[in-house]
Amino acid sequence: MNIEELYTTLKRMGVPEAWYSLDGSLLPDRTILYRNHNIWDVFYFDERGGINNINHFSNEEDACMYILNLLSREFSNSKLKKDINAKKSGTISDDIIYL
């Protein structure tokens, strides 16, 4: 998987673009893919400019797969939390409706 394929996959899954930067731009509060010569760095860049949870990869494919797995998990958890909160607030019903 390369950056273009990763971007297409994340878009198709519905992962918000505000969650990541794949072009090396150091935008706050998101996961960053940054190419540093022959090393691909993946890290979370917080709102204060701190670099957290940095991982180094020797190739683009491994870095992209790592981001895909990371953001897929985070997005799934985010959707699950929204569904649970909606259920608690009564906007999702447990009732089965037969037509």
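Look up: the structure comes first, before these words.
Quick look at the structure, then. Computed from a predicted model, the values in this text were never measured in an experiment.

## Structural notes on the sheet that holds strand E4 (residues 51-57)
Stage number 1. Strands sit in the order E1-E2-E3-E4 across an open sheet of four strands; the sheet is mixed. Whereas interior strands pair on both sides, the edge strands pair on one side only; in this sheet they are strand E1 (20-21) and E4.
Stage number 2. Pairing between E1 and strand E2 (residues 30-36): two bridges, direction parallel. Bridge pairing links Tyr20 to Thr31 in E2.

## Some thoughts on the nonpolar core
Stage number 1. Of all hydrophobic cores here, the largest spans 16 residues; its most connected members are Leu6, Leu10, Leu22, Leu33 and Ile67.
Stage number 2. Those elements giving two or more residues to this core turn out to be helix H1 (3-13), strand E3 (39-45) and helix H2 (60-89).
Stage number 3. The greatest single-element share of this core, amounting to six residues, is contributed by H2.
Stage number 4. Setting aside residues up to four positions removed in sequence, Ile67 forms contacts with Leu6, Leu22, Thr31, Leu33, Val42 and Ser72.

## Quick look at the pattern of salt bridges
Stage number 1. Inspection of the entire model under this criterion finds one salt bridge.
Stage number 2. When the shortest N-O distance is used, the salt bridge between Lys11 and Glu17 registers 3.0 Å.
Stage number 3. Here Glu17 falls in the partly exposed class, since its relative accessible area comes to 38%.

Scoring rules and cut-offs
Residues numbered from 1 in each chain as written. Predicted model: local features only at pLDDT ≥ 70, side-chain atom pairs only at ≥ 80, totals over all residues. Heavy atoms only, no water. Pairing = 2+ DSSP bridges. Helix = DSSP H or I, 4+ residues; strand = E, 2+ residues; numbered from the N terminus. Core = buried A, V, L, I, M, F, W, Y, C linked by side-chain atoms within 4.5 Å. Buried < 20%, exposed > 50% of the residue type's maximum accessible area, 1.4 Å probe, protein only. Contact = heavy atoms within 4.5 Å. Salt bridge = Lys/Arg side-chain N within 4 Å of Asp/Glu carboxyl O.

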